[in-house]
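# A structural walkthrough
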Amino acid sequence: MKKIQMVDLQSQYAKIQDTVDARISEVLKSATFINGPEVHNFQKELENYLGVKHVIPCANGTDALQIAMMGLDLQPGDEVITADFTFAATVEVIALLHLTPVLVDVDPIDFNISIEAIKKAITPKTKAIVPVHLFGRTANMEAIMEIAAEHNLFVIEDNAQAIGASYTYKDGSKKKAGTIGHAASTSFFPSKNLGCYGDGGAIFTNDDALAHKIRGIVNHGMYVRYHHDVVGVNSRLDSIQAAVLSTKLVHLDSYNKARQEAAKKYNAAFANEKNIITPVICDNCDCHVFHQYTLKVLNVDRDQLAAFLNENGIPCGVYYPIPLHSQKAYTDTRYNEADFPVTNQLVKEVISLPMHTELDDEQITFITSKVIEFINK
């Protein structure tokens, strides 16, 4: 059996090596390393793929989220509601901009931000909601946009984990994750479903004026060289990474399909295990692209399970072991533990198994057999 990896980027690269190498070579020959043709081509390709008017590439996903907030003119003290159960980058940028993070609990089924918790958290100071499409599963965007419209709030989608996923409205219509809110951010970190070979990110929006402002922000506030019209940052996607992303974008749907098929096989193997709660997979399965395959395990020591899997050559991850409201950097007397029952339970129960485009049946059988062996011992 091939060595099991949490993410097997080497095997993925081997299948596209000739194209990737050729395109990187062209960038090297042209020496257009910043804002070269590859960046502009990738931007247009991703706009077409997503069905969004504007993609603004930048240096990484964290920058993308910060720049989106800067573009919306959020002011110090403005409250921004987001999920307690997610990676720290989401709340980090809120704090960096001297906004007020308002962390709320998540849904027990899909782990995305709770609609009822959003409603309870809104105050006169609330200016934005940041739903995170966690682990590749789209949040309830229809309900979130209805709340935002009612209270005149901005919605910034954190789409770092769900590029290529589609949200289905009640009427059956669909939109790609990241194209529904007023703005969205994504990450092209190597392990993402669409990942480059370094750091990279992008902001999405259908708002022409916002897109114009963001294009200045990412480039030191310049639209004309040495004319600084807005306060900006230095956050640009380099041409080599754009060449890699352009090569991989044509495979994104097949990459996501491979992840979905692996998730179905995992779910089938665990179907009769009452102490394993598997992710919900919809019939059409396009609302979840499985950046992570995350279980809840009941009546066992999750950390001992992780140790057992590692001892058997199976990498795994705990995303996330500490709620954001309990992190030293983000503790606040405003938070009451009783407001986070789902998050506080999830951090004790979740475990993520290997998930990538190159998983094979032999590996999945071995992984699932070891999980079941531990659960039932």
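Now for a quick tour of the structure.

About the thresholds
- Residues numbered from 1 in each chain as written.
- Predicted model: local features only at pLDDT ≥ 70, side-chain atom pairs only at ≥ 80, totals over all residues.
- Heavy atoms only, no water.
- Buried < 20%, exposed > 50% of the residue type's maximum accessible area, 1.4 Å probe, protein only.
- Helix = DSSP H or I, 4+ residues; strand = E, 2+ residues; numbered from the N terminus.
- Pairing = 2+ DSSP bridges.
- Lys, Arg positive; Asp, Glu negative; His and termini not counted.
- Salt bridge = Lys/Arg side-chain N within 4 Å of Asp/Glu carboxyl O.
- Contact = heavy atoms within 4.5 Å.
- Phe/Tyr/Trp six-rings, centres within 6.5 Å; stacked < 30°, edge-to-face > 60°.

Next up on the list: the pairing of strand β9 (residues 201–205). Along β9, five of the five residues are buried, which leaves the element largely enclosed by surrounding structure. Here strand β1 (residues 54–58) runs beside β9; their pairing, made up of five bridges, is antiparallel. Looking at the pairing, proline 57 lines up with alanine 202 of β9. Two elements, strand β8 (residues 183–187) and β9, share four bridges in a ladder whose sense is antiparallel. Across the sheet, residue serine 187 finds its bridge partner in β9, namely glycine 201.

What follows is about the side chain of arginine 137. Tracing the backbone through its elements, the reader meets arginine 137 in the loop between β4 (126–130) and α6 (141–151). Put simply, arginine 137 is tucked away with no salt bridge, and the nearest opposite charge, on aspartate 110, sits 4.4 Å away. For arginine 137, the residues in contact, after removing those within four places along its chain, are Asp110, Asn112, Val280, Cys287 and His288.

Here we come to the pattern of salt bridges. Across all of its chains, the model carries 15 salt bridges by this definition. A salt bridge links lysine 213 to aspartate 73; its shortest N-O distance comes to 2.3 Å. Remark: aspartate 73 occurs in the loop between α3 (61–71) and β2 (79–83) and lysine 213 occurs in helix α7 (residues 208–217); sequence separation between them is 140 residues. A salt bridge links glutamate 261 to lysine 257; the shortest N-O distance between them is 3.4 Å. Taken as a pair, glutamate 261 and lysine 257 lie in helix α9 (residues 252–269) at a separation of four residues, close to a single helical turn. On the accessibility criterion, lysine 257 (43% relative accessible area) is partly exposed. Via salt bridges that share partners, Lys257, Glu261 and Lys264 belong to a single interconnected network.

It is worth spelling out unusual backbone geometry at this point. Cis peptide bonds are those with omega within 30 degrees of zero, and the linkage from tyrosine 319 to tyrosine 320 qualifies with 20°. Looking at the secondary structure, you find tyrosine 320 in the loop between α10 (302–311) and α11 (341–349). The phi torsion at histidine 220 lies on the positive side, around 60°, for a residue other than glycine. Positionally, histidine 220 belongs in the loop between α7 and β10 (222–224). Of the residues examined, histidine 220 reaches a relative accessible area of 35% and is grouped as partly exposed.

This part takes up the packing of aromatic side chains. If you walk through the whole model with that rule in mind, you get 15 aromatic pairs. Between phenylalanine 85 and tyrosine 320 the ring centres are 5.9 Å apart and the planes differ by 75°, which places this aromatic pair in the edge-to-face class. Residue phenylalanine 85 is found in the loop between β2 and α4 (89–96), and its partner tyrosine 320 is found in the loop between α10 and α11; the two are separated by 235 residues along the sequence. Ring geometry for phenylalanine 87 against tyrosine 320: centres 6.4 Å apart, planes inclined by 35°, an arrangement best described as tilted. Placement of phenylalanine 87 in the loop between β2 and α4 and of tyrosine 320 in the loop between α10 and α11 is noted, with a sequence separation of 233 residues between them. On the accessibility criterion, tyrosine 320 (13% relative accessible area) is buried. Chaining the aromatic ring pairs together yields one cluster made of Phe85, Phe87, Phe111, Phe135, Tyr319 and Tyr320.

Taken by themselves, the reported measurements are silent on function.
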